[in-house]
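Here is how the chains run, residue by residue.
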Amino acid sequence: MANDNKKFQAIISHCKEYGFIFPSSEIYDGLSAVYDYGQWGSELKKNIRDYWWKNMTQLRENIVGIDAAIFMHPTTWKASGHVDNFSDPMIDNKDSKKRYRVDHLIEGFADELETKGEGARATELLAQMDRLLATSDFDELKKLIDENKIKCSVSGTSNWTDIRQFNLMFSTQLGSISEEANEIYLRPETAQGIFVNFLNVQKTGRMKIPFGIAQTGKAFRNEIVARQFIFRMREFEQMEMQFFIRPGTQQEWYSFWKEERMKWHLSLGITADKFRFHDHVKLAHYADAACDIEYEFPIGFKEVEGIHSRTDFDLRNHQQYSKKKLQYFDPEINQNYIPYVVETSVGLDRTVLMILSDAYMEEDLSTADKTDSRVLLKFPPRLAPIKLAVLPLLKKDGLPEIARDIIDKCKPHFKCFYEEKDAIGKRYRRMDAIGTPFCVTVDHESKEDGTLTIRYRDSMQQERVPIDRIKEIIEKQIL
């Protein structure tokens, strides 16, 4: 439960200052737990999404992608269990009227104990909480809160209501006249759009089990305690893949996808010690095995991806509610059956925060002669919002024209940035703060011998290279 709130706040401030993430509707004082991605944040997010999509669909012959609608028939959510089961235990403070998710309230108190050096007590408290949540024993959970005198952060009192369940789905109306409208829901996950299209994809794609269907898209949850920047929001984006398999093989495929998904996270350039698996104590109503991949954020280890063995719960329920057969004929064993499913579900916004947290650095560059420092984002080059910055040393003598020509040749292949304002040192610092891995400086030698200076973000080393090699050098690093 390592906690570095100072670094976390620095990352939040940096994201706003350098055009990554802004509070939504900020000119109207914002909207709680809703954020907008700025010019560089949207590029970073797109690069992560594209990297996942390529790994899941382009590099695998047995996984295809779809893009299902956000609005779905309301019976979908009855069949999926969301209407009856998609809820969290909540508790209200009677004095402040502030509502808390029970696990968040107890986890926050455990963090305070950890800070005070009472790690053993914190660990035992969380273990007790997990056991009680697993059995939905709300009376004992309330007793746990009372016995530890856990207080509301607003009122400072321990005057709590009983614990009760709160459904997390947003509802709206579909129709032009409210009296005639039907109540529907904004989807709380993207998975159901895959399940209801199982047969459409299987038949039109001539897919043979085992095969997967991938999707990225927005989901919506009415989180009562949405917090921790973009880690927990009411509107967020998921990257999900449902892998359809023969019944009885689910443990084999569950283990396979655990390993594959951890490989993907490690391929982002993050060290293995920053990740861990966390097995679920309480399984969801649809699962026979489940775990999370957790990353050590500045606010502690938190989930970035869930891997679930969903059995045949989803397809079987949709078959029951829709009265349409959702079965697969397996020619290898000459049988019809409802496939089992192993799911991998990544929070895209959480992955953005993970990449930002791992990349954010503050370096002291002081020497005996001067005091200096820099803030940089050490993004993997393939994910960086800008791959190459082209910086003419002066605004004259034909240097901007050479720089523009480099931009024109490179921009069809990767994101470039041109800047001619301020001293070259200041421009380097701005590019460091945005996470640009390569900067090239066009100077008078460039006119004479066709070379320029390339500067590497991480080491700050510089070297002269031919202008016509720049595209090749960058592409080698970002593929």
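My aim in this report is to walk through the structure given alongside it, one point at a time. (Residues numbered from 1 in each chain as written. Predicted model: local features only at pLDDT ≥ 70, side-chain atom pairs only at ≥ 80, totals over all residues. Heavy atoms only, no water.)

**Brief notes about the packing of aromatic side chains**
Reasoning step 1: Tallied over the entire structure, the rule returns 19 aromatic pairs.
Reasoning step 2: Joined through ring pairs, the aromatic side chains of Phe195, Phe198, Phe211 and Phe244 make up one cluster.
Reasoning step 3: It is Lys258 that lies over the ring of Phe277; its NZ or CZ is 4.7 Å from the centre.
Reasoning step 4: The side chain of Arg350 reaches across the aromatic face of Phe231, ending 3.9 Å from its centre. (Phe/Tyr/Trp six-rings, centres within 6.5 Å; stacked < 30°, edge-to-face > 60°. Lys NZ or Arg CZ within 6 Å of the ring centre and 35° of its normal.)

**Regarding the sheet that holds strand E19 (residues 388-392)**
Reasoning step 1: The strand order across the open sheet formed by five strands is E20-E19-E21-E22-E23, and the pairing between neighbours is mixed. Of all strands in the sheet, those bounded by a partner on one side alone are strand E20 (416-418) and strand E23 (462-466). Averaged over all pairs of adjacent strands, the angle between strand axes in this sheet comes to 30°, irrespective of strand direction.
Reasoning step 2: The pairing of E19 with strand E21 (residues 438-442) spans five bridges and is parallel. What sits directly across from Leu388, in E21, is Phe438.
Reasoning step 3: The strands that helix H14 (residues 424-434) touches are E19, E20, E21, strand E22 (451-456) and E23; relative to E19, the one it contacts most, it runs at about 170°. (Pairing = 2+ DSSP bridges. Helix = DSSP H or I, 4+ residues; strand = E, 2+ residues; numbered from the N terminus. Axes fitted to C-alpha atoms, helices over the stretch in contact; angles between N-to-C directions. Contact = heavy atoms within 4.5 Å.)

**Describing the packing of helix H6 (residues 119-134) against helix H7 (residues 138-147)**
Reasoning step 1: Two elements in contact, H6 and H7, have axes separated by 9 Å at closest approach and are oriented at 160°. Classified by the angle their axes make, H6 and H7 are roughly antiparallel. Along this stretch, H6 crosses H7, giving a crossing that reads as left-handed. Contact residues: Leu125, Gln128, Met129, Leu132 and Leu133 in H6; Glu140, Leu141 and Leu144 in H7.
Reasoning step 2: Broken down by class, the residue content of the contact of H6 with H7 amounts to six nonpolar, one polar and one charged. (Parallel < 35°, antiparallel > 145°, perpendicular 65-115°, else oblique. Left-handed = near helix turned anticlockwise from the far one by under 90°. Nonpolar A, V, L, I, M, F, W, Y, C, P; charged D, E, K, R; others polar.)

**Section: unusual backbone geometry**
Reasoning step 1: The omega torsion of the bond from Ile209 to Pro210 falls at 10°, within 30 degrees of zero and hence cis.
Reasoning step 2: With respect to the helices and strands, Pro210 occurs in the loop between helix H9 (198-204) and strand E9 (211-220).
Reasoning step 3: One non-glycine residue, Ser136, adopts positive backbone phi at about 55°.
Reasoning step 4: Here Ser136 is to be found in the loop between H6 and H7.
Reasoning step 5: By relative accessible area, which is 33% here, Ser136 ends up partly exposed.
Reasoning step 6: Even without being glycine, Asn334 reaches a positive phi, approximately 55°.
Reasoning step 7: Looking at the element boundaries, Asn334 is found in the loop between strand E14 (328-330) and strand E15 (335-337).
Reasoning step 8: For Asn334, a relative accessible area of 59% translates into the label exposed. (Buried < 20%, exposed > 50% of the residue type's maximum accessible area, 1.4 Å probe, protein only.)

**With respect to the environment of Glu296**
Reasoning step 1: Within the secondary structure layout, Glu296 lies in strand E12 (residues 289-297).
Reasoning step 2: Spatially, the C-alpha atoms of Glu296 and Gln202 are 38 Å apart, while their sequence positions differ by 94 residues.

**Remarks on the pattern of salt bridges**
Reasoning step 1: According to the stated counting rule, one finds 40 salt bridges in the structure shown.
Reasoning step 2: Of the charged contacts, one joins Arg430 and Asp422 as a salt bridge, the two residues approaching to 2.9 Å between their closest N and O atoms.
Reasoning step 3: Taking the relative accessible area as the measure of exposure, Asp422 reaches 35% and is therefore partly exposed.
Reasoning step 4: In this structure, the salt-bridge partner of Arg469 is Glu472, at a minimum N-O distance of 3.8 Å.
Reasoning step 5: When salt bridges with common partners are traced through the structure, they connect Glu363, Arg374, Lys378, Asp432 and Arg455 into a single cluster. (Salt bridge = Lys/Arg side-chain N within 4 Å of Asp/Glu carboxyl O.)

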